[in-house]
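Spelled out, the chains give:
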Amino acid sequence: MNDARFLPYLLLLPATVFLIAFFLVPFTQVAVEAFTTAEGFSLGNFQTIGRDWKFVPAIRNTLLLTALIVPIQLALSLFMATLVTRIGRGRDIVLYVFTIPLGISDLAAGLIWLALLDQSGFLNTVLFNLGLIDGPQNLLSYQNVPALFAAIVIAEVWRATAIMLVILVAGMSLIPREYYEAAEVFGAGGWKRFTRITLPLLRSSLQTALILRTILAFEVFAVVIVLAGTNLPILMGETFAWQFGLQDREGAAAYAMIILAISVAFTLVFLIGLRDKAEART
Amino acid sequence: MTAAGAADPVVAAPAGTDARRAGKTLLWTCVVVLCLWVLGPIYLLLVNALTSPEAVTGWPKRFVPSFDLSSLSFFWNYQGVARALVNSILVAALTMILSLGIGAPAGYALARFRFRGKNVFRLLVLMTRAFPLPLLALPLAVFYIRVGLDDSVLGLALVHTTLALPFAILITFSLFMGIPVELEEAAWTLGCTRLQAFRKIVLPLAIPGIAASGVFAFVTSWNEVFAASVLTIQNQTLTAFLLTSLDVSPLPLKFAGALVLVVPALIFLFVVRKYLFSLWGIANR
């Protein structure tokens, strides 16, 4: 039993070494690269990408997409989770259907919605059959920016609400039934039970779901490329363009730093904003 | 629904049952609408992938598949597709093996031992959440060229392991927490060594959950686009291939490709659906 003192460290060693080698070190490297030019430490790389006309739109579009997508997903996943808790028979199959998009990549989701929204897509046929249009329309034209935004928001809400749903359903299953029964005895209606029991007790799940989903929203990439091409600059798309198209690693590193900075900033906002007072004591 | 209504106590006032029935109808209407919202687009993709290339680009569309496999065979015979598919499977399988092999021991250590530094390690794992991990591909691309891992299956699998590892650790942690330590202790008193007790008592109980967390790792890698597109050139995965050939590939190819991407993930999710909430959902809180 003497080796038991060292056993946990031995078991953790591979994971620790791996995370240092493939997580901490590379992120340090990319940070150093972003702040280094030929003259040494400088903000030159940020000035270089800042001179590109796509820089400001990329930041604006990414933040705007996140601000549109995440709240819709939060509301929808809460609604779906509440529905699921009220289902008796058939709950498992409904849950399976609701979580299907969890297995679908943003690339595939973009292609799926392209099949619906494209010029020869299904939506055009529906609109034509309803007599609303005379022939195929290009719904995803680069000139129609609001339509592009709408298409991306719909595709992302369709695909990535499931990840929040899973976390919220798991969180709700941990709330004791007795609380609801007691509240019902005292005459609390459905809405009141939701706001006074479900939401407060779901706080840590909500926090996790929001952090996970917001970080992923800043990483939005393939779905935008598929539906809008490069006409709608976003941060990940620009990072990819600087790395690959322009072959400018320093520029790509500077973009990476911007994504990293807003990701960490928003994580802290959610960690502090949704802090559990009871948790803070322990 | 009527059966459930009839099973209710008869004492309920008629007005009450009416309200309850209305509530039930509303509930199921919402459920059906949301199921259609999820399944409809996938069905339409299926229609597109199972019609001839001419019908895919044609207009107006039909809403039933003609079960024409020429789009899929066109996709299959397209230059580079078969190789990309093989690469995708290899990278995902490697990711699964690496993240379980490295993550499960860590999960076990977190679940069974109290030791100094435990919180530091947990912080390290949780910290990965705040970071946009696919960006790791940028610095690693340089490193890989230096060590000869550039454009390789293993190099990409290592990045995907960084994405999957934190989840593997947290899932196996909650999995081992759910297996009573008393079972192991009983085995020790009966003369088992630590390793024997683990192999004969814990492992058989944990295997389904470990397999499920392996599936999550596989799907994570299978679906990843950004790092795959940055790190592979000749050895592209399917996602990288589809993304980088978006401008040149015709529509039927895209939709057939999307279907090939979606189907395995759906099957895997179906297999592990039992563990989705009990493990994945709770471990991620």
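Sequence order as written defines residue numbering, which begins from 1 separately in each chain. Each chain gets a letter, beginning with A, and each ligand a number, beginning with 1, in the order they are written. In keeping with the predicted nature of the model, local features appear solely for residues at pLDDT of at least 70, side-chain atom pairs appear and are counted solely at 80 or more, and the whole-chain, interface and lining totals rest on all residues.

Trainee: When you look at helix H10 (residues 194-223) of chain B in this model, what are you seeing that I'm missing?
Mentor: Residues that lie three or four places apart on an α-helix share one face, since the helix turns once every 3.6 residues. For the purposes of this entry, the term helix denotes a DSSP run of H or I that reaches at least four residues, the term strand denotes a run of E that reaches at least two, and both are numbered from the N terminus. A helix is expected to span 1.5 Å for every residue after the first. End to end, H10 of chain B covers just 38 Å across 30 residues, shorter than the expected 44 Å (1.5 Å per residue, more than 12% under). To get the bend at a given residue, fit one axis to the seven residues ending there, fit another to the seven starting there, and take the angle between those axes. Residue Leu 203 of chain B marks the point of greatest curvature in H10 of chain B, where the axis turns by about 55 degrees; the proline Pro 204 of chain B follows within four residues.

Trainee: Would you explain unusual backbone geometry in this entry?
Mentor: Outside of glycine, negative phi angles account for most residues, and trans bonds account for most peptide bonds. Although it is not a glycine, Gln 247 of chain A sits at a positive phi angle of roughly 55 degrees. Three exposure classes are used, based on other C-beta atoms lying within 10 Å of a residue's own C-beta, which is placed from the backbone: buried for 20 or more, exposed for 12 or fewer, and partly exposed in between. When the 9 C-beta atoms within 10 Å are taken as the criterion, Gln 247 of chain A is described as exposed.

Trainee: I'm lost on the interface of chain B and chain A in this one. Help?
Mentor: One frequent convention defines the size of an interface as the accessible area lost when the parts assemble. Contact residues are listed per partner, giving 70 residues for chain B and 75 residues for chain A. Among the elements that take part in the side of chain B that touches chain A, helix H13 (residues 251-283) of chain B stands out by supplying 16 residues, more than any other. Note on residue categories: nonpolar means Ala, Val, Leu, Ile, Met, Phe, Trp, Tyr, Cys or Pro, charged means Asp, Glu, Lys or Arg, and polar means any other residue, Gly included. Of the residues that constitute the side of chain B that touches chain A, the class distribution is 54 nonpolar, 11 polar and 5 charged. The contact criterion used here is simple: two residues whose C-beta atoms, placed from the backbone, lie within 7 Å are in contact.

Trainee: Could you clarify how one ought to interpret the confidence of the model for chain B in this entry?
Mentor: Should the pLDDT be low somewhere, the predicted coordinates at that spot are not to be read in detail. All names here are of chain B. Every residue gets a pLDDT, meaning the predictor's confidence in that residue, from 0 to 100. Per-residue confidence for chain B gives a mean pLDDT of 84; residues scoring 70 or more make up 92%. The lowest-confidence element of chain B is helix H1 (residues 2-7), averaging 41 in pLDDT; the highest-confidence one is helix H5 (residues 81-112), averaging 93. Counting interchain partners and residues more than four positions distant, the pLDDT-below-50 stretch residues 1-13 has 5 contacts. At the level of chain-chain contacts, confidence expressed as ipTM amounts to 0.85, with global pTM at 0.86.

Trainee: Would you mind showing me how to read the nonpolar core here?
Mentor: Most often, soluble globular proteins have nonpolar side chains that are buried together. By definition, a nonpolar core groups buried Ala, Val, Leu, Ile, Met, Phe, Trp, Tyr and Cys residues that connect through C-beta atoms lying within 7 Å of each other. Membership of the largest hydrophobic core comes to 163 residues, with the highest contact counts inside it found for Val 166, Val 224, Leu 227 and Ala 256 of chain A together with Ala 137 of chain B. Domain start and stop points were drawn from an automatic or database domain assignment. Taken domain by domain, this core gets at least three of its residues from each of domain 1 (2-70) and domain 2 (79-283) of chain B. Discounting chain neighbours no more than four positions away, the residues touching Ala 137 of chain B are Val 159, Phe 226, Ala 227, Val 230 and Leu 231 of chain B.

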